Amino acid sequence: MLALGRAAAVCAFSASALSLRLATSTKTKTKTNVHKQAQTDVRLLLRNLDKLAQNSMTLVRTPPAAVGRATREAAGQQQTVRRFHNSAAGNSRYSASTIMTSYHKELLLKDYGIVGFDLDGTLLRYNLHEMSALIYQVLKQFLVEQKGYDRDLLLQSLNLDFLQKGLFLDGPRGNVLKLSSEAQILRATHGTRLLSDTEIQAIYGRDRRWEITTAFYRDPLSTWNGDASTQMRSLLDYFDMPSALVFAQAVDLVDRGKKPSAGEEYQVWQDVQAGLMNIYSRENFANDQSLYFKSMRAEPERFVLRTDPSVMNWLGELRKSGKKLFLLTGSNVDFANLTATQALGKDWRKYFDFVVTYAKKPGFFTMQRPFMQVDVEKLAELPQEAEDIKAGEVYSQGNWHQLHAAMAGMLQKKPSEVKALYFGDNIIQDVYTPVKHRDFDAVAIAEELLLEDGKYPYAAELDSQLWGPYFALECTPTLWSSFISSYAQLCVPSVEQVAQTAPDKRIVCHNPYGFSPRLPKELETVQLKSCWRG
């Protein structure tokens, strides 16, 4: 897709606020004028292919000079253009599966022959209170017992207000960062101490940017491995959240002892990273070397919530309607079986045509790893590659190209003739990568959307006063609002909400950015500008 530059958005009260490029500039025009204007705008966009990119929305606030620079940079990208039509004329984009107008997005489930699901945080949800406390304690214990940190670290308390999904760790400096939709640092701490604007600019410059997080913003996968991964960590899901606090408290501990001198770097992140690898390593589920896995196995009902029966009924309806379903999880088969059994029931495999464990996302979508056979009795990956994958089986690792071909064959179609939809909570692994690098559509799951109803039981874990709302800070959207609006067809609080819609019905979102059932309150103070990204 050819890129149209990232457009600016300013606070709603700004006198210079910009209107949506695909909408009329005032609210006083008639519906006829609105439709004519939208159709005219679309025709102009289609004529100028150098300005088109993926049909989506980005929420930004950028000074005029930066807008021009971003536009020039984006215009140079050479990618394939997806079709867009105004729905007022009865047409839609993405082969009629999603309709975007000036007012809303819609998703039509019947246009997808293949539907896939992540497991953790998507088809099953966790008791975030219990799980956050467990990860926090286990990670601290690892640093003390395995890395020699002072036992004072164990005396630190779990400050839930420090937790938020989507933060970034600046390992060399010992800082924790929250980023804007343009990768500017909105808020930061050194250890647990909140940094002032003056301090942020002194560290990162007047533009408040770090080159590694800027690289992540431009291409998240470019920082996934290599040198960047040893310096920076993006905390993408609820499993990652507690590590920010452990990292910050460990930095505080280092500062109270011998603080690194000028030019020296903190080594805390490398130690925390080793702790994360220890507690989540798949080998440590079977050998009891991970206190996290040991606790989960002892009391799965304490940490894993039971999925609402409406979701399982809906999965059955999807299969009866002729769709092919797959489960794709990064968990190893033994841990996946533990959590899926607790959430979905002992017969959880019956809901899917294919089950793929230890998928190593995002590489599953971009690489050609072979599928490995799985012993479902011993719940272990076997050292034999699967030459052909068959429905009803469980596999490990693998790749999308082969899975797509197998499911398309079951539908007696070519892969290019079958559209795929994927549900997931990890914005990079489950949304950005399959949409950007493969011809997927994606639905993002964000429990943060549940905070506004006042009944969400884990508000203490997700509603941070220190960091501010997940989707925006004051009148500036966050990086994750940008990625969601740009790459997700819809963003919903849970699969349960989508399960209320029959396979032949539309899912309607009453805003043009995909947030359902409503736009998050913090984004209501931001004027949103359409931006087509590839």
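Note on numbering: residues in each chain are counted from 1, in written sequence order. It should be noted that, the model being predicted, local features are given only for residues of pLDDT at least 70 and side-chain atom pairs only at 80 or more, the latter also being counted only at that level, while totals for whole chains, interfaces and linings use all residues. For side-chain calculations, the full set of non-hydrogen atoms in the structure is used, while hydrogens and water are omitted.

In the nomenclature of an unreviewed UniProt entry, the chain is known as 5'-nucleotidase domain-containing protein 1 of Drosophila mauritiana. UniProt positions are given in the numbering used here, feature names are shortened, and annotations may be inferred rather than shown by experiment. Under Sequence similarities (unreviewed entry), UniProt gives the following word-for-word description of the chain: "Belongs to the 5'(3')-deoxyribonucleotidase family."

Further remarks concern the packing of helix α3 (residues 128-147) against helix α8 (residues 268-280). As a rule, the C-alpha atoms of each element are fitted with a line to give its axis, helices using only the stretch in contact, and angles between N-to-C directions run from 0 to 180 degrees. Elements are defined by DSSP. Helices are runs of H or I of four residues or more, strands are runs of E of two residues or more, and each kind is numbered from the N terminus. One way to put it is that α3 packs onto α8 with a least axis distance of 9 Å and a crossing angle of 115°. For the pair α3 and α8, the crossing hand works out as right-handed. Residues Ile135, Val138, Leu139, Phe142, Leu143 and Lys147 of α3 touch α8, and the partners they reach there are Asp271, Val272, Ala274, Gly275, Leu276, Asn278, Ile279 and Tyr280. By convention the crossing between two helices is left-handed if the near helix lies anticlockwise of the far one by an angle smaller than a right angle, and right-handed if it lies clockwise. Any two residues whose heavy atoms approach within 4.5 Å are treated as being in contact.

Glancing now at the pattern of salt bridges. By definition, a salt bridge exists where a carboxyl oxygen of Asp or Glu is found within 4 Å of a side-chain nitrogen of Lys or Arg. Counting across every chain of the model gives 18 salt bridges. Ionic pairing is found between Arg506 and Glu106, a salt bridge with its closest N-O pair at 3.7 Å. With Arg506 in strand β20 (residues 506-509) and Glu106 in strand β3 (residues 105-108), this pair connects stretches of sequence that are 400 residues apart. Under the scheme applied here, a residue whose accessible area is under 20% of the maximum for its type counts as buried, over 50% as exposed, and between as partly exposed, the area being computed with a 1.4 Å probe on protein chains only. Residue Glu106 is classed as buried on the basis of its relative accessible area, which comes to 12%.

This part covers the nonpolar core. In terms of nonpolar packing, the biggest core is built from 88 residues, with Phe117, Tyr292, Trp314 and Phe352 touching the most fellow members. Discounting residues that sit within four places of it in the chain, Phe117 has contacts with Leu123, Trp314, Leu315, Leu318, Leu325, Phe326, Leu327, Leu328, Phe352, Tyr422, Phe423 and Val495. As used here, the term nonpolar core means buried Ala, Val, Leu, Ile, Met, Phe, Trp, Tyr and Cys residues forming a set that is joined through side-chain atoms within 4.5 Å.

Take the packing of aromatic side chains next. Two rings from Phe, Tyr or Trp (for Trp, the six-membered ring) form a pair when their centres are within 6.5 Å of each other. A pair whose planes differ by under 30 degrees is stacked, one over 60 is edge-to-face, and the rest are tilted. Applying the stated criterion across every chain yields a total of 32 aromatic pairs. When the centroid spacing of 5.0 Å and the interplanar angle of 80° are considered together, the rings of Phe168 and Phe216 count as edge-to-face. Remark: Phe216 occurs in helix α5 (residues 211-218) and Phe168 occurs in strand β5 (residues 168-170); sequence separation between them is 48 residues. Residue Phe216 is classed as buried on the basis of its relative accessible area, which comes to 0%. Considering the side-chain rings of Tyr351 and Phe352, the 6.4 Å spacing of their centres and the 80° angle between planes classify their relative orientation as edge-to-face. Across the pair, Phe352 and Tyr351 agree in class, each one buried. Three or more aromatic residues joined by ring pairs form one cluster here, namely Phe326, Phe364, Phe365, Phe371, Tyr395, Trp400, Tyr422 and Phe440. Should the NZ of a Lys or the CZ of an Arg lie within 6 Å of a ring centre and within 35 degrees of the ring normal, that charge is described as sitting over the ring. Here Arg282 stacks its cationic end above the ring of Tyr358, 3.8 Å away from the centre of that ring. The ring of Phe285 is capped by Arg297, whose NZ or CZ atom sits 4.8 Å from the centre of that ring.

This part covers the pairing of β20. Alternating positions in β20 separate cleanly, Ile507 and Cys509 being buried on one face and Arg506 and Val508 remaining unburied on the opposite face. Where β3 meets β20, four bridges bridge the pair, whose relative direction is antiparallel. Across the sheet, residue Glu106 finds its bridge partner in β20, namely Val508. Note on pairing: two strands pair once DSSP finds at least 2 bridges between them.

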